[in-house]
Amino acid sequence: MDKKARIPETEDGTVLFDVDPIIVKHHYEIDYLHSYAQDSPFFAGLAAKKLLGSRCPACSITYATPRGHCMECGGATEWVELPQAGRVHTFTTCFFGGEAFLDETPFTLILVEFDGIDTLFLSRLAGVEPDEVRIGLPVRARFLRNSKFKPTDVYFIPA
Amino acid sequence: MRPVYMISGGITRFAKAHPEKDFRWMVKEAFDYALADVPALDRRQIDGSVCSYFSDHFTRQLMAGAMVQDYLGLNPRPSRRIEGGGATGGLCFQAAWEAVASGRMELCLAMGFETMSRVNTWKGNEFIAMASDTNFDYPVGGFYTGYYAMMVQRHMHEFGTTVEQMARVAVKNHANARHNPYAQRPARLSVEDVRSAPMVATPLTLLDCCQMSDGAAVALIASAAMAEKLGATPVRITGVGCGTDAMRMADRPHGRVPLLPHEREADYVRLSYPGVHSFRAGRTAAALAYRMAGISEPGRELDFVELHDAYTSSEIQTCEDLGLCRYGEGGRFVESGAPYLTNVDYGLTFSGDQRWPYLPVNPSGGLLACGHPVGATGLMQAVFGFWQLQGTIERHLGDGTLQLPGPKRGLIHSHAGTGTYITVSILERA
């Protein structure tokens, strides 16, 4: 036993915002090992400049945003290639946002509708001023040259 | 199932930040208020609790509900956490109803809180956006105001809803809140004030959106025998309903409207539903709650509605889901003046359209003006609804302006995600 034991101290200190009550800065950061699992082929498709959706062979529903199993019957879906041109179903231009996207404001979000596809696809619209975007505007997909394996690997521009 | 009653409620003042109290003490403050309101009630008579809070990120503490249970001195009785995004509070209320209706408990505490001030607003927006699909939606620019802005753009396109009609909702709710000392942002506003506020996501301005808040609320839910034993002035919970929809609004079907008893197929021949303009989960929750409560014409059989107006647009959309007016009429319903209190001066003129009877919506000020500490919000609505039906608004608020004359039946509505979980509960004077 060491009766003079000391735990070594560090000099990193604490960021203090207030003393009554005491408010300190607490840092928190995580790296996840995130698997896209059954959605993986969609992201691989983006790297190959393809937009993949899901089709339920039993219900004949084609989903513009992929899902491994059908929302209506629960059956397994098949991968299908979506058209790369569609129309703006709805839109907004964000002037504020979450911290991760603040630097990118203002940006325009759209839901894209495709002929013959039953559901919509969320994406960004580039190349238009906020007052130029409208429902029904024809748009086409454009892909990042170097894929980041994120849904933002594809975005839309006026067709 | 046996009859279930709410016998007391309590809330803290909702504020941007309450750094002087942690979540445990905030809940205790609301709890002590609710206990004091039923003098015969002893804490030991509470059989257990359900606790609602939305985000572990905001709390930076897992099992925070267990810490509240501990702080209130309710150990070792049963408790569990209820979580479902923005509808967390409404789900918690219904979980307490279930505990009593099933006979598992005679007296159940529903308690909820959120401490959103622990991060800045931008980080808070990010936490909230984590409640959207993190593979497909969040990374594209995850921002709930953006999602709701897209939904209302489509509502405007389908139905001709205007930004001025939306602004009128903000005027109403902020003006009502001037008589509610628990509210975070009471204000006398004009339509022009709302439209000239900073644009957040077109067409929603800062005043079309609720704020982030710290706060807590509780509701005590009891059996008939317990309510009688305690000599409380109970309010009966006569209907509960809950609905769900796809997490990603892009996945919503474009099909047919599930009709309420007072609607006809012919009302909606060309409407593709719900698309992104309406909330199928809200319609489902309402239909279930109305059926249980025996309501066939909600616009005429309800005396007030406290609904989840996180955005002015979602109040308009929700009035339609609840069948207070038909789909597409929400904007004109607001313009008619039907949902405005007759004894509050809003500085507005109304169309006077007589299609809809007088039915105050969000007399408390709603989320827009009271604030939205997520886990507490649905319980706050229960507390305001309970006080309305008890006729005790003046005693609890120190101002009787918001007290409706002898209301018999009210509706509370709690809403998550882009309409992903929605609850509707019906409260009636016993």
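Residues numbered from 1 in each chain as written. Chains lettered and ligands numbered in written order. Predicted model: local features only at pLDDT ≥ 70, side-chain atom pairs only at ≥ 80, totals over all residues. Heavy atoms only, no water.

### Considerations on the overall build of chain B
We count it as follows: A helix here means a DSSP run of H or I that spans at least four residues, while a strand means a run of E at least two residues long, and both kinds are numbered starting from the N terminus. Using C-alpha atoms as the atom set, the radius of gyration is obtained and then compared with a globule rule of 2.2 Å times the number of residues to the power 0.38. Burial status follows relative accessibility: with a 1.4 Å probe on protein chains alone, a residue under 20% of its type maximum counts as buried, one over 50% as exposed, and anything between as partly exposed. Computed with the Shrake-Rupley method and a 1.4 Å probe, the accessible areas treat only the protein chains shown as cover for residues.
Check the secondary structure of chain B and you find 17 helices and 13 strands. Computed over C-alpha atoms, the radius of gyration of chain B comes to 20 Å, within 12% of the 22 Å expected from 2.2 N^0.38 for 430 residues, which places it in the range of a compact globule. Overall, chain B is about 55 × 45 × 40 Å in size when its C-alpha atoms are taken along their principal axes. Within chain B, buried positions represent 67% of all 430 residues. Surface accessibility of chain B: about 13,900 Å² in total, with carbon and sulfur atoms responsible for 50%.

### Side note on the pattern of salt bridges
Residues and elements named next belong to chain B. For clarity, the cut-off: What counts as a salt bridge is simple: a side-chain nitrogen of Lys or Arg found within 4 Å of a carboxyl oxygen of Asp or Glu.
Taken as a whole, this structure holds 32 salt bridges over all chains when the rule is applied. Among the ionic pairs, Arg195 bridges to Asp208, the shortest N-O distance being 3.3 Å. A residue pair is termed long-range when its members are at least 10 positions apart, and Arg195 in helix H9 (residues 191-196) and Asp208 in the loop between strand S6 (204-205) and strand S7 (214-223) qualify at 13 residues. Two residues, Arg326 and Glu329, come together in a salt bridge whose shortest N-O distance is 3.4 Å. By relative accessible area, which is 8% here, Glu329 ends up buried. A single salt-bridge network, built from bridges that share partners, covers Arg264, Asp267, Arg326, Glu329, Asp353 and Arg355.

### Here we look at the sheet that holds strand S4 (residues 61-63) of chain A
Residue and element names in this part refer to chain A. In plain terms, the rule: Pairing between two strands requires that DSSP report at least two bridges joining them. Interaxial angles span 0 to 180 degrees and are taken between N-to-C directions of axes, which are lines fitted to C-alpha atoms, for helices over the stretch in contact.
Reading across the sheet, the 3 strands line up as S4-S3-S5 and stay open at both edges, with antiparallel pairing between neighbours. In this open sheet, the two edge strands, each paired with only one partner strand, are S4 and strand S5 (78-81). Adjacent strand axes in the sheet meet at a mean angle of 35°, parallel and antiparallel pairs treated alike. Here strand S3 (residues 52-56) runs beside S5; their pairing, made up of 4 bridges, is antiparallel. By the bridge assignment for S5, Ser54 is matched with Trp79.

### Examining the side chain of His372(B)
All names here are of chain B. Keep this limit in mind: Two N or O atoms form a polar contact when they lie within 3.5 Å of each other; inside protein one atom must be a possible hydrogen donor and the other a possible acceptor, and for residues adjacent in sequence the pair counts only when both atoms belong to side chains. It only takes one pair of heavy atoms within 4.5 Å for two residues to be counted as in contact.
The topology assignment puts His372 in the loop between helix H15 (366-370) and helix H16 (374-390). At a separation of 2.7 Å, a polar atom in the side chain of His372 contacts the side chain of Thr377. Ignoring any residue separated from it by four or fewer positions in sequence, one finds His372 in contact with Gly86, Met116, Cys210, Gln211, Ser213, His308, Leu367 and Thr377.

### Some thoughts on the packing of helix H1 (residues 23-36) of chain B against helix H3 (residues 64-71) of chain B
All names here are of chain B. Where we set the bar: Oblique is the label for every angle not falling under 35 degrees (roughly parallel), over 145 degrees (roughly antiparallel), or within 65 to 115 degrees (roughly perpendicular). The sense of a crossing depends on the near helix, which, turned anticlockwise from the far helix by less than a right angle, makes the crossing left-handed and, turned clockwise, makes it right-handed.
At their nearest, the axes of H1 and H3 sit 9 Å apart, and the two run at 50° to each other. Here H1 is positioned oblique relative to H3, judged by the angle of their axes. Considering only the axes of H1 and H3, their crossing is right-handed. Where H1 abuts H3, its residues Phe23, Arg24, Trp25, Val27 and Lys28 lie against Ala64, Met67, Val68 and Tyr71.

### Section: the sheet that holds strand S11 (residues 304-306) of chain B
Residue and element names in this part refer to chain B. The mixed open sheet is built from 9 strands, whose spatial order is S3-S2-S4-S7-S1-S8-S13-S12-S11. Pairing within the sheet leaves two strands with one partner each, and these edge strands are strand S3 (79-82) and S11. Taking each pair of neighbouring strands and ignoring which way they run, the sheet shows an average axis angle of 25°. For strand S12 (residues 409-415) and strand S13 (residues 421-429), the ladder comprises 7 bridges, and the chain directions are antiparallel. Its bridge partner being in S13, Ser414 is matched across the sheet by Thr423.

### Quick word on the side chain of Ser123(A)
You can see Ser123(A) is positioned in strand S8 (residues 121-125). Not counting residues within four places of it along the chain, the set of residues in contact with Ser123(A) comprises Thr108(A), Leu109(A), Ile110(A), Val154(A), Tyr155(A), Phe156(A) and Val140(B).

### Comments concerning the environment of Ser296(B)
Residues and elements named next belong to chain B. Structurally, the position occupied by Ser296 is in the loop between helix H11 (280-293) and helix H12 (298-301). Under the relative-accessibility criterion, Ser296 is labelled partly exposed at 38%. Within the structure, the side chain of Ser296 is placed 3.2 Å from the side chain of Glu301, a separation counted as a polar contact.

### With respect to a nonpolar patch on the surface
Using the following cut-off: A patch consists of residues exposed above 30% relative accessible area that lack any salt bridge, with like charges linked at up to 9 Å and nonpolar side chains (Val, Leu, Ile, Met, Phe, Trp, Tyr) linked at up to 5 Å.
The grouping of Leu16(A), Val19(A), Ile22(A) and Val24(A) at the surface amounts to a nonpolar patch, some 390 Å² of accessible area in total. Among the structural elements, Val24(A) can be located in strand S2 (residues 22-24).

### Here's the deal with the packing of helix H7 (residues 144-159) of chain B against helix H13 (residues 312-321) of chain B
Residue and element names in this part refer to chain B. The line we're drawing: Classes in brief: Ala, Val, Leu, Ile, Met, Phe, Trp, Tyr, Cys and Pro nonpolar; Asp, Glu, Lys and Arg charged; the others, Gly included, polar.
In contact at an axis separation of 10 Å, H7 and H13 are set at 55° when each is read in the N-to-C sense. With respect to each other, H7 and H13 are oriented oblique. Regarding H7 and H13, the two cross each other, and that crossing is left-handed. For the pair H7 and H13, the contacting residues are Tyr148, Met151, Val152, His155 and Phe159 in the first and Ser313, Ser314, Ile316, Gln317 and Glu320 in the second. Here the residues of the contact of H7 with H13 are counted per class, giving 5 nonpolar, 4 polar and 1 charged.

### Digging into the packing of aromatic side chains
To keep things clear, this is the line we draw: Aromatic rings from Phe, Tyr and Trp, with only the six-membered ring used for Trp, were paired whenever their centres fell within 6.5 Å, and each pair was classed as stacked if the ring planes differed by under 30 degrees, edge-to-face if by over 60, and tilted otherwise. By definition, being over a ring means that NZ of Lys or CZ of Arg is both within 6 Å of the ring centre and within 35 degrees of the ring normal.
In total, this model carries 25 aromatic pairs over all chains according to the counting rule given. Measuring from ring centre to ring centre gives 4.9 Å for Tyr144(B) and Tyr147(B), while their planes differ by 75°; the resulting arrangement is edge-to-face. One end of the pair is Tyr144(B) and the other is Tyr147(B), both in helix H7 and 3 residues apart, which spans about a single turn. Each of the two residues, Tyr144(B) as well as Tyr147(B), counts as buried. An aromatic cluster of three or more residues is present, and its members are Tyr36(A), Phe42(A), Phe43(A), Phe114(A), Phe121(A), Phe156(A) and Phe136(B). In this arrangement the basic side chain of Arg67(A) is found over the ring face of Tyr63(A), its NZ or CZ atom lying 5.5 Å from the centre. Here the basic side chain of Arg81(B) rests over the ring of Tyr53(B), its NZ or CZ set 3.9 Å away from the ring centre.

### Things to note about unusual backbone geometry
A cis amide bond, omega 0°, links Asp20(A) with the succeeding residue Pro21(A). Inspection of the secondary structure assignment puts Pro21(A) in the loop between strand S1 (16-19) and S2. Geometrically, the link from Tyr273(B) to Pro274(B) is a cis peptide bond, its omega value of -10° lying close to zero. Position of Pro274(B) relative to the elements: it lies in strand S10 (residues 273-274). Positive phi is not limited to glycine here, since Ser60(A) has a value of about 60°. Mapping Ser60(A) onto the fold places it in the loop between S3 and S4. Positive phi, normally seen in glycine, also occurs at Met63(B), with a value near 55°.

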